[in-house]
Amino acid sequence: ATVAVGIAMVATLVLLERYCPSAPAPLVAVSLGIAAMGLFHLDDHGVATVGHIPRGLPPLTLPDLSMTAELWLGALGVALMSFTETIAAGRAFARDDEPPVVANRELLATGIGNV
């Protein structure tokens, strides 16, 4: 039953994009899914749900530094992709009458913007 709902949502997205491209297809699909779950009690018919979602913000905790060794490679990949995307966007939107994009300056601006 969960697969059927998933297929219906993908079909909704595709049809909305095809026949009504100005409509916010993801918002409509999510809204229809939520409404269908509530109106038809689909969880009683075998459709999996997320379950209980706690209210409020989670408590503040210090990061677990023992995970650094596991996460550094992925973090490096994300940083490199972010830098590459920033440089590509800067070059794509630069006009001919503007100074050329300087990669070091872009990286510095990205770092300062993330602080």
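Values in this document were obtained by computation on a predicted structure and should not be read as measured data. (Residues numbered from 1 in each chain as written. Predicted model: local features only at pLDDT ≥ 70, side-chain atom pairs only at ≥ 80, totals over all residues. Heavy atoms only, no water.)

Right, let's talk about a nonpolar patch on the surface for a bit. Where nonpolar side chains cluster on the molecular surface, the patch consists of Trp72, Leu73, Leu76 and Leu80 and spans about 440 Å² of accessible area. Tracing the backbone through its elements, the reader meets Leu76 in helix α3 (residues 68-93). Accessibility expressed as a relative area gives 42% for Leu76, which makes it partly exposed. (Patch = residues over 30% accessible without salt bridge, like charges linked within 9 Å, V, L, I, M, F, W, Y side chains within 5 Å. Areas by Shrake-Rupley, 256 points an atom, 1.4 Å probe, with all protein chains shown as cover. Salt bridge = Lys/Arg side-chain N within 4 Å of Asp/Glu carboxyl O. Helix = DSSP H or I, 4+ residues; strand = E, 2+ residues; numbered from the N terminus. Buried < 20%, exposed > 50% of the residue type's maximum accessible area, 1.4 Å probe, protein only.)

In this structure, the largest pocket encloses a volume near 160 Å³. Residue lining of the largest pocket: Thr2, Val5, Ile34, Met37, Val47, Ala48, Thr49 and Val50, and that is the complete set. Elements supplying a minimum of two residues to the lining of the largest pocket: α1 (2-19) and α2 (25-40). Residues that form the lining of the largest pocket fall into these classes: six nonpolar, two polar and no charged. (1 Å grid on protein atoms, 1.4 Å probe; cavity = no way out; pocket = protein on both sides within 12 Å on 5 of 7 lines; lining within 4 Å. Points joined across faces, edges and corners; volume = space filled by probe spheres on them. Nonpolar A, V, L, I, M, F, W, Y, C, P; charged D, E, K, R; others polar.)

Moving on: the pattern of salt bridges. For the structure on display, the rule yields two salt bridges. The residue Glu98 makes a salt bridge to Arg95 at a minimum N-O spacing of 3.7 Å. Judged by relative accessible area, which is 53%, Arg95 ranks as exposed. Among the ionic contacts, a cluster of salt bridges with common partners joins Arg95, Asp97 and Glu98.

What follows deals with the confidence of the model for the chain. Here the chain averages 89 in pLDDT, and 100% of its residues register 70 or above. Here helix α4 (residues 103-113) stands out as the element of the chain with the lowest mean pLDDT, 84, in contrast to α1, whose mean of 93 is the highest. (pLDDT = per-residue confidence, 0-100.)

Below, the discussion takes up the packing of α1 against α2. Direction vectors running N to C along α1 and α2 enclose 145 degrees, while the axes themselves pass 9 Å from each other. In this structure, α1 meets α2 at a crossing whose hand is right-handed. Listed contacts from α2 to Met9, Thr12, Leu13, Leu16 and Glu17 of α1 are Ala25, Pro26, Val28, Ala29, Leu32 and Gly33. (Axes fitted to C-alpha atoms, helices over the stretch in contact; angles between N-to-C directions. Left-handed = near helix turned anticlockwise from the far one by under 90°. Contact = heavy atoms within 4.5 Å.)

This paragraph deals with α2. Taking 1.5 Å as the rise per residue, α2 with 16 residues should run 22 Å; its terminal C-alpha atoms sit 22 Å apart, in good agreement. Looking only at α2, the buried set comprises Ala25, Ala29, Gly33 and Ala36. Seen along its axis, α2 keeps its buried residues to an arc of 75 degrees; they face one direction. For α2, the exposed residues lying more than 90 degrees away from the buried face are Leu27, Ile34 and Leu39. Against α1 lie the buried residues of α2. Two residues or fewer past α2, His41 is found with a positive phi of approximately 50 degrees. (Expected span 1.5 Å × (residues − 1). Arc of directions from axis to C-beta.)

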